[in-house]
Amino acid sequence: MQFFGGSDVSPSPPATTAAGHNANMMYMFNRNGVCLFYREWNRPLHTLNPQQDHKLMFGLLFSLKSLTAKMDPTSGDKGNLGMPQLPGQGCSFHCFRTNTYKLSFMESPSGIKIILVTHPKTGDLREATKYIYNLYVEYVVKNPMYAPGTPIRCDLFTTNLDQYVRSIS
Amino acid sequence: MPAVPPRSGDAIFASIERVNAELFTLTYGAIVRQLLTDLEEVDEVNKQLDQMGYNIGIRLIDEFLAKANISRCVDFKETADVIAKVGFKMFLGISASLTNWDADGTTCSIVLEDNPLVDFVELPDTCQGLHYCNVLSGVIRGALEMVSMKTEVTWVRDMLRGDDAYELQVKLLKQVPEEYPYKDDE
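Now for a look at the structure at hand. (Residues numbered from 1 in each chain as written. Chains lettered and ligands numbered in written order. Predicted model: local features only at pLDDT ≥ 70, side-chain atom pairs only at ≥ 80, totals over all residues. Heavy atoms only, no water.)

Remarks on the overall build of chain B
The secondary structure content of chain B amounts to five helices and four strands. Counting helices and strands in the order they occur from the N terminus, chain B gives α-α-α-α-β-β-α-β-β. The C-alpha radius of gyration computed for chain B amounts to 18 Å, which stays within 12% of the reference 16 Å derived for 186 residues, consistent with globular compactness. Its C-alpha atoms give chain B principal-axis dimensions of about 55 × 45 × 35 Å. Accessible area of chain B: about 10,000 Å², with a carbon and sulfur share of 52%. Here chain B contributes 17 positively and 32 negatively charged side chains, and the mean placements of these two sets differ by 4 Å. (Helix = DSSP H or I, 4+ residues; strand = E, 2+ residues; numbered from the N terminus. Rg over C-alpha atoms; globule rule 2.2 N^0.38 Å. Areas by Shrake-Rupley, 256 points an atom, 1.4 Å probe, with all protein chains shown as cover. Lys, Arg positive; Asp, Glu negative; His and termini not counted. Charge placed at Lys NZ, Arg CZ, Asp CG, Glu CD.)

Here's what the structure looks like:
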């Protein structure tokens, strides 16, 4: 969905950094709102401190999910807006685009949320977020030194992620 | 992009890395043996096996969701079906079936035809209260908890104790919906 109808002229995709990454930044949250992972490759403007930034992002997605489910014209069951939802009910949104960036979102049934912010001309990133989820399973979940629910500090995951993100178009 | 259909248990089992079955069985046997030596009480060992299973389950769920391409299940019936048909096949290579649904649809039994954990195992008289495969009940409980279902999993029939099959009873206690974790005034 596009929020600002206005101009169709969007700025050209940002010049890729020396490392050649195609994404701006990435967040990962678990179901309790803990920010498991944050990585930025190209973010010129910082407006909030990291904790507020994470809370804002999580709150935004939580509300968006709730809103999009309630506005669903095809579903019969409509609870009150703001009521906590069971996983499995309602539709799930997967991206939104503004004139300067595109935000892609994926949530697994276990509550792991992956958010990828890229330049607006990027295509559908559902396969990419699924691939990142697989990377998470291989390098983080299967890592015995990682305690579930804590921020991720696994070098293998970060390296593989960087490598993969370079290839996203 | 069209939705990718969920993969069958057989397809996934064939495509992931596998470990030698005997190695797996003997390793598990060694764990149980060591727990019995360390803890001595059969009830303690049962509890510990369940706890170990729980810790495995909370991680296993992500691997399962990633590999099987399953989207959210609509109700508990579908969940149990997916566990029996895809889950057990994918991780242990065994087929399981569902029986004994109760009227609400909140309790069912999973029957395992064969069980790789118990090859070569006989329970001695001193360990008659032991649920040898209790790790499996912990795994199911842990995995379902990560998808917002609080369940109780118990062994109904156990071949090591003389019954004719392995039967696990899974009972759904409640579904816990997602809540906004931050307090509004923070």
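That covers the picture; the talk isn't over yet.
Looking at the pattern of salt bridges
One pass over the full model with this rule turns up 15 salt bridges over all chains. Between Glu107(A) and Lys113(A) there is a salt bridge; the shortest N-O distance is 2.9 Å. Grouping residues by exposure puts Glu107(A) and Lys113(A) together as buried. The closest approach of N and O atoms between Glu63(B) and Lys67(B), which form a salt bridge, is 3.1 Å. Here Glu63(B) pairs with Lys67(B), and both are found in helix α3 (residues 42-68), just four residues apart, close to one helical turn. This pair shows no difference in class: Glu63(B) is buried, exactly as Lys67(B) is. Sharing partners across several salt bridges, the network here consists of Glu138(A), Lys142(A), Glu63(B) and Lys67(B). (Salt bridge = Lys/Arg side-chain N within 4 Å of Asp/Glu carboxyl O. Buried < 20%, exposed > 50% of the residue type's maximum accessible area, 1.4 Å probe, protein only.)

So, the environment of Lys102(A)
Residues and elements named next belong to chain A. Mapped onto the fold, Lys-102 is located in strand β4 (residues 102-107). With 17 residues separating them in the primary sequence, Lys-102 and His-119 have C-alpha atoms 5.7 Å apart. Only 3.2 Å separates the side chain of Lys-102 from the backbone oxygen of Thr-122, close enough to count as a polar contact. Only 3.1 Å separates the side chain of Lys-102 from the backbone oxygen of Gly-123, close enough to count as a polar contact. (Polar contact = N/O pair within 3.5 Å; in protein donor to acceptor, adjacent residues only side chain to side chain.)

Re the interface of chain A and chain B
Counting residues at the interface gives 36 residues for chain A and 28 residues for chain B. When the buried surface of chain A facing chain B is broken down by residue, Arg31(A), Lys55(A) and Pro109(A) rank first, second and third, together holding 21% of it. Put simply, chain A and chain B have two salt bridges between them. Our count for the chain A to chain B interface comes out at nine residue pairs in polar contact (both at pLDDT 80 or more). Elements supplying a minimum of two residues to the side of chain A that touches chain B: α1 (50-70) and α2 (126-141) of chain A. Residues that form the side of chain A that touches chain B fall into these classes: 16 nonpolar, nine polar and eleven charged. (Contact = heavy atoms within 4.5 Å. Buried area = accessible area lost by both parts, 1.4 Å probe. Nonpolar A, V, L, I, M, F, W, Y, C, P; charged D, E, K, R; others polar.)

Considerations on helix α3 (residues 155-165) of chain A
Every buried residue of α3(A) is accounted for by Phe157(A), Thr158(A), Asn160(A), Leu161(A), Asp162(A) and Val165(A). Considering only its buried residues, α3(A) is in contact with β1 (23-29), β2 (35-40) and α2 of chain A.

Some words on the packing of helix α4 (residues 76-92) of chain B against helix α5 (residues 134-146) of chain B
Residues and elements named next belong to chain B. Put simply, α4 and α5 touch, their axes get as near as 13 Å, and they point 125° apart. Between α4 and α5, the crossing angle belongs to the class labelled oblique. Crossing angle aside, the handedness with which α4 passes α5 is right-handed. Contact residues: Thr-79, Ile-83, Phe-88 and Leu-92 in α4; Leu-136, Ile-140 and Leu-144 in α5. Residue classes in the contact of α4 with α5 are distributed as six nonpolar, one polar and no charged. (Axes fitted to C-alpha atoms, helices over the stretch in contact; angles between N-to-C directions. Parallel < 35°, antiparallel > 145°, perpendicular 65-115°, else oblique. Left-handed = near helix turned anticlockwise from the far one by under 90°.)

Quick notes on the nonpolar core
The biggest cluster of nonpolar side chains holds 66 residues, and the ones touching the most others in it are Met28(A), Tyr136(A), Ile152(A) and Phe88(B). Of the residues forming this core, the biggest block, eight residues, is contributed by α2(A). The residues touching Tyr136(A), leaving out its near neighbours within four places in the chain, are Met28(A), Leu36(A), Ile112(A), Val141(A), Ile152(A), Phe157(A) and Asp62(B). (Core = buried A, V, L, I, M, F, W, Y, C linked by side-chain atoms within 4.5 Å.)

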